[in-house]
Amino acid sequence: MKTKSVKVGRNDPCPCGSGLKYKKCCLGKNGKETIDLEDVYAEKYGIRLKNLQDIEGIRRAGRLVLDTLDLVETKIKPGMTTDEINTLVHEFTIKKGATPAPLNYRGFPKSVCVSVNEVVCHGIPGGRKLNDGDIVNVDITSILNGYFADANKTFLLGTSGPEARKIVNVTKECLKRGISMVKPGNTIGDIGWAIQDFAEGKGCSVVREFVGHGVGFEFHESPQVPHFGQKGQGIQLIPGMVFTVEPMINLGNKELRILEDNWTAVTKDGSLSAQFEQTVLVTNNGYESLTPYDL
Ligand code: MF3
Ligand code: CO
Ligand code: CO
């Protein structure tokens, strides 16, 4: 998948993105007619492409993340505390020989993010009891054999109302539409555009402060993947890129605030917020989700 030495014609646009013809720009700098896109992406954007071995490693970490989400789905119910979700995730991850990436990440004190109702993301597990009708996002990142995979789902608890069902369904469809834009030649802006267009068309809003991100060697790598944007804008996708798409969509306004704990993000207007996330690979002709679940 790693794109080595892609042939670029003398009169083609230079892959470094200067806007100049290749012959007027990078051609000759390395004394060759070919250019290594891997080097261009690393130097220009800080993006580390993944090879087949890396991809298999992230895929295995991703399978564990999905198994952990499935475990949570079977156990989650009203009356439970968010800390009990943390214990489930932590113990299962360790039992499988992996490490929960959130624990102690930039001071985060727990092994998973659990974000209820008006909490947009980064909810810290604790004594909050889950209620019938709540929407609960569980965001899991596991490190297995040095590779990171990151995915989340928002669960509807018990008998949910029309608002809860709406924001969960709209957000799930946003992830589906965002991921469907992932293929070589499309841009990061195409992903954000597809998400924003759908969410706003349904009268919902897109959170700006948190974005998708490169992932695999580390928790958060380059590039950033906004869930809003314009068609054709931003970095072109090429095979071997691995990043998350993880739209946070609010039923009301897009504004948020951070609680005293310096982590928990909540909607300013108190409206419901949902999120779905997968880790995706750009392939030669489209994408492969490395944390695949039905959307
Ligand atoms: N999993 C989140 C993401 O999708 C990041 C959580 S950072 C933490 O990027 F420290 F809160 F875990
Ligand atoms: Co993420
Ligand atoms: Co995540």
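In this report, we go over the structure that sits alongside the text. (Residues numbered from 1 in each chain as written. Chains lettered and ligands numbered in written order. Predicted model: local features only at pLDDT ≥ 70, side-chain atom pairs only at ≥ 80, totals over all residues. Heavy atoms only, no water.)

## Overview of the coordination of the cobalt ion (ligand 2)
Just so we agree on the cut-off: Donors, by definition, are the N, O and S atoms found within 2.8 Å of a metal, the threshold being 3.2 Å for Na, K and Ca, and water is not counted, so a site can look incomplete. A four-donor site is called tetrahedral if each angle lies between 85 and 135 degrees; a four-donor site is square planar, and a six-donor site octahedral, when trans pairs exceed 155 degrees and the remaining angles lie between 65 and 115; all other cases are labelled irregular.
Every protein donor of the cobalt ion (ligand 2) is accounted for by Asp150 (OD), His213 (NE2), Glu246 (OE) and Glu277 (OE), and the metal-donor separations fall at 2.0 to 2.2 Å. Between the six donor atoms coordinating the cobalt ion (ligand 2), the angles at the centre fall across 51 to 164°, so the site counts as irregular. Read in sequence order, the donor residues for the cobalt ion (ligand 2) give the motif D-x62-H-x32-E-x30-E.

## Thoughts on the sheet that holds strand E13 (residues 256-258)
Heads up, the condition is: Note: two strands are recorded as paired if DSSP finds a minimum of 2 bridges between them. Secondary structure follows DSSP: runs of H or I at least 4 residues long count as helices, runs of E at least 2 residues long count as strands, and numbering of each begins at the N terminus. Lines fitted to C-alpha atoms define the axes, with helix axes restricted to the stretch in contact, and inter-axis angles between N-to-C directions lie between 0 and 180 degrees.
In spatial order, the strands read E5-E14-E13; together these three strands make up an open sheet with antiparallel pairing. One side of each edge strand has no neighbouring strand; the edge strands of this open sheet are strand E5 (119-121) and E13. Neighbour-to-neighbour, the strand axes of this sheet turn through a mean angle of 40°, independent of strand direction. The sheet contact formed by E5 and strand E14 (residues 265-267) spans two bridges and is antiparallel. Residue Cys121 lies in a different strand from E14, and its bridge partner there is Ala265.

## Describing the side chain of Thr141
Applicable threshold: Pairs of N or O atoms within 3.5 Å make up the polar contacts considered here, provided that, within protein, one atom can donate a hydrogen while the other can accept it, and that residues adjacent in sequence are counted only when both atoms are side-chain atoms. Residue contacts are counted whenever heavy atoms from the two residues lie within 4.5 Å of one another.
Summarising the element assignment, Thr141 is placed in strand E6 (residues 135-144). A distance of 2.8 Å separates polar atoms of two side chains, one belonging to Thr141 and the other to Asp150. Once residues lying within four places of it in the same chain are set aside, the contact partners of Thr141 are Thr99, Pro100, Ala101, Pro102, Phe148, Ala149, Asp150 and Phe219.

## Thoughts on helix H5 (residues 188-201)
Each full turn of the α-helix corresponds to 3.6 residues, which orients residues three or four apart in the same direction. Here is the rule we go by: A helix is expected to span 1.5 Å multiplied by its residue count minus one. Only protein chains enter the area calculation, which uses a 1.4 Å probe; residues under 20% of their type maximum are buried, those over 50% are exposed, and those in between are partly exposed.
The end-to-end C-alpha distance of H5 is 20 Å, a good match for the 20 Å that 14 residues give at a rise of 1.5 Å each. Of all 14 residues in H5, 10 are buried, a share of seventy percent or more. Of all the residues in H5, the buried ones are Ile188, Gly189, Asp190, Ile191, Gly192, Ala194, Ile195, Gln196, Phe198 and Ala199. Immediately downstream of H5, the backbone of Gly203 shows phi near 80°, a positive value.

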